[in-house]
Amino acid sequence: MTGQVDKSRRDFLKAAAVAASTSAVSFVAVSRDELKKMLVPVNLSDFIAEAAEAGSPLERRAREREARLKEWCRAEADKICSSMGEDSDACREARKRCAMIKVKGTGPREGVRFAMALDVNKCIGCRRCAYACVMENNQGRNLGIEWIKVLEMPREEMEVIYANMDYTEAPKPNMVYVPVACMHCEDPPCTMVCPVRATWKEPDGIVVVDYDRCIGCRYCMTACPYGARRFNWAKPYVPVTELNPNMHILGNVPRQVHVVEKCTWCIQRTRDGGVPACVEVCPVGARVFGDLNDPDSPIRRVIEEYGAFVLKPEAGTRPRFFYFFGPKRTPPREPGAEAKE
Amino acid sequence: MSSQGSSFIDTIKFVIKEALLTGGPRYYLAALGLLIIALYGMYLWIFVQHAPIFLGAEEGGLILTALNDSVPWGIYISFFVFWVGVAAAGIVFGIAAYVFGDKEFKKVAVLGEVQAVAAIVTVLLLIVVDIGRPLRALVLMPQLPNLRSMLDWDFIVLTGYLALNLIGMLVTVHYYRQDKPIPRKFIVPFITIAAPFAIGIHTVTAFISQALTARPIWNSPLLAPRYVATAFASGPAILLLALYLAERYIKGFKVDFSVYRKTLYVIVGSLVVGLYFTLSEVHEIFWYTTEPAKKAQAQTLFLGYHLPYLAKLMWLWIGLGIAAVILGIVPRVHNTKRGIIFVSILTIIAVVAEKTMTIIIPGFIPSTLGEVKPYYPTAIEIGITIGVHAIGVLVYLLLARPALKAVMTHYFSGSGAKH
């Protein structure tokens, strides 16, 4: 019996030696730099990203990404210039944008809680916000990705399931237009279900996606009650002449293939004190953006003055994107329609 | 026989040798055919789905499938759900053999473990072909698990169950091929862990979708029990089919009729429970629900709005399920082996109809914003799915023969039944 035990122990030791040497060999055989990059230990503080100071992991990654992007951009620009000539507008535009590329890793400011509101009475359904969003956030032009979807709903019943997003004519008198994008919920179900913590809620209320961690399982898309997330089903293509050079590592850097992306309230603008592109571009001023914690911010005034509501409150996610019925529609309604109501 | 060497390494060597080096031309032909299908599926997958990642190509990507932002999960996840159930039911023979001490089931319990291994391999491969960044998933999932995510729990229990069943199978082979009974010290803790695990993998898989507020038709507390109930119909049915084939193609391997009969009890009972759960859901949806999204999704599922094949599958499940139950309780059918196999085949078709597309797709049509994008799987997706299944069947084939050979050493020849 003891001979048996010794034999199995010897076998076990042999197996251990073989396994150790195999793993050692494979460790060296696989490119070691690649392996080191993949196996870098991750700690949570990297993701909370309150580290705005230079030298934070996010900053470091932003700088690396900037160098890579510049390289890619120059190569693309060279292609354009060699085909269209050095003096052409496209070439000059491309070179200018390449030189301007800046990838930031700005962290959230303390005590800020962003929120947005939209005046349903004002919105005319022109979809300019959606176009501005595409341009500002470098969305893949070949995939038709739009973070903002505008729903046309009957005035009587604002139920999402009866909405129409393929309308061709707007505004119509009996309809309201409800742009829907990421609601940046207080309790986002999408961040909870992510198996690898590639998406999380920042302290200033912006829900972000880390494109370098996303594994493309699309669970967050399944969990989102507002259909706010988009997946890059193929390699997204952004023409260099239309590239927005003002980028944030968690926001609008050109995306990779097979990762999920979403609205970040233009993190590259708002973290520096600006407003999102959709707010800036809205021709009727239907959108309001601000800091919920600041008593003087326009968002607080709107909520207190008019009262606001959210879409799908029954989902229990407490969205920080509010809708309200403001004083008046900017373009006057047709007189007939007014009388009917 | 016991002079053959008795360490675990020898057992592993035995399994590999038996799997690869023995067998007639028919066996090699079958294995080769499966391998070719599997390789073709893999080729499709690398070429189509991951060309941009693996080969640095500009074209390719999941865009070549019919999946879109409205229906992000399709045929891969559908069959994932089905095979998790089959894996979970692999333990049924084990429970009958080691908990209730049925001697006839002891002869075939190892086949349940082999089936669980093959099914879990299929399941894991289906996830790998579905996700966009498989390499990242392999590195990131264990490194930083987010235990609030059901997908991580699923990953943990699936790999755990795979390891458990591999160990169970190897230990069984180890002892049986030396003509020794399995020691109680091993089998009691093993079955104590494995049985709840089997229910657990399917429950966790159901929990992935069950609590998503965004998809009202999945918001049913019956979803997980329904998964488990129909799993315990389809898993044993596939086991019976495998037993029947083993009896036919392995010389000297005989299974007692009581095994077939008792397994049929499990199948019919589970089918009744599954059908009852379906009835309960129908009642809730069509008599009571006030949620427009849930109603719209239920109409897609049961009445075939937007997507006719979904309703056909659903009614196939109800019709074939009832037929299998009625046939299963008719004495003339359940007193013959052929009758029982026929009921098993009906059950498998019914549960495939119920567990695959009709679980996953209605959650997405209409989508959360009322968008309707009908989903029909493309040829490429179907090809990749078939390739993955070929790998699963290949694993089944490779592992089942050594396992059954070991069982035959213990029970059918040599020193006879000691146990």
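Per an unreviewed UniProt entry, chain B goes by Polysulfide reductase NrfD and derives from Pyrodictium abyssi. The UniProt entry for chain B carries the following text under Subcellular location (unreviewed entry): "Cell membrane".

**Student:** I'd like a description of the packing of aromatic side chains, backed by residues and values.
**Tutor:** Counted according to the given criterion, the structure contains 25 aromatic pairs over all chains. The interplanar angle of 35° and the centroid separation of 6.0 Å between the aromatic rings of Tyr40(B) and Tyr43(B) together place this pair among those described as tilted. Of this pair, Tyr40(B) and Tyr43(B) both sit in helix α2 (residues 25-49), 3 residues apart, which is roughly one turn of that helix. One aromatic cluster is present, built from ring pairs that chain together Tyr219(A), Trp73(B), Trp218(B) and Phe364(B). One residue, Lys355(B), lies across the ring of Tyr227(B), its end atom 5.9 Å from the ring centre.

**Student:** Help me get a handle on the nonpolar core, residues and values and all.
**Tutor:** Of all hydrophobic cores here, the largest spans 218 residues; its most connected members are Leu243(B) and Tyr375(B). Each of domain 1 (1-211 + 380-405) and domain 2 (233-244 + 254-377) of chain B gives at least three residues to this core. Formed by 9 residues, the second largest nonpolar core is a distinct cluster that contains Ala115(A), Val310(A), Phe322(A) and Phe324(A).

**Student:** Which residues make up the pattern of salt bridges, and what are the values?
**Tutor:** Residues and elements named next belong to chain A. Inspection of the entire model under this criterion finds 38 salt bridges over all chains. Here arginine 61 ties to aspartate 210 by a salt bridge, and the two come within 2.7 Å at their closest N and O atoms. You can see arginine 61 sitting in helix α4 (residues 57-84) and its partner aspartate 210 sitting in the loop between β6 (207-209) and α8 (219-223), a full 149 residues away along the chain. Classification of arginine 61 by relative accessible area gives partly exposed; the value is 21%. Salt-bridge contacts for arginine 97 lead to glutamate 93; the nearest nitrogen and oxygen are separated by 2.7 Å. Placement of both arginine 97 and glutamate 93 in helix α5 (residues 89-100) is noted, with a separation of 4 residues, approximately one turn of the helix. Salt bridges here are not isolated pairs; linked through shared partners, they connect Arg61, Arg65, Asp210 and Asp212.

**Student:** Which residues make up helix α11 (residues 223-249) of chain B, and what values do they have?
**Tutor:** Along an α-helix, residues three or four apart share an orientation, since each turn contains 3.6 residues. Over its 27 residues, α11(B) extends 39 Å from the first C-alpha to the last, a length consistent with the 39 Å expected when each residue adds 1.5 Å. In terms of burial, α11(B) is largely enclosed, as 21 of its 27 residues are buried.

What counts and what doesn't
Residues numbered from 1 in each chain as written. Chains lettered and ligands numbered in written order. Predicted model: local features only at pLDDT ≥ 70, side-chain atom pairs only at ≥ 80, totals over all residues. Heavy atoms only, no water. UniProt positions renumbered as here; feature names shortened; annotations may be inferred. Phe/Tyr/Trp six-rings, centres within 6.5 Å; stacked < 30°, edge-to-face > 60°. Helix = DSSP H or I, 4+ residues; strand = E, 2+ residues; numbered from the N terminus. Lys NZ or Arg CZ within 6 Å of the ring centre and 35° of its normal. Core = buried A, V, L, I, M, F, W, Y, C linked by side-chain atoms within 4.5 Å. Buried < 20%, exposed > 50% of the residue type's maximum accessible area, 1.4 Å probe, protein only. Domains from an automatic or database assignment. Salt bridge = Lys/Arg side-chain N within 4 Å of Asp/Glu carboxyl O. Expected span 1.5 Å × (residues − 1).

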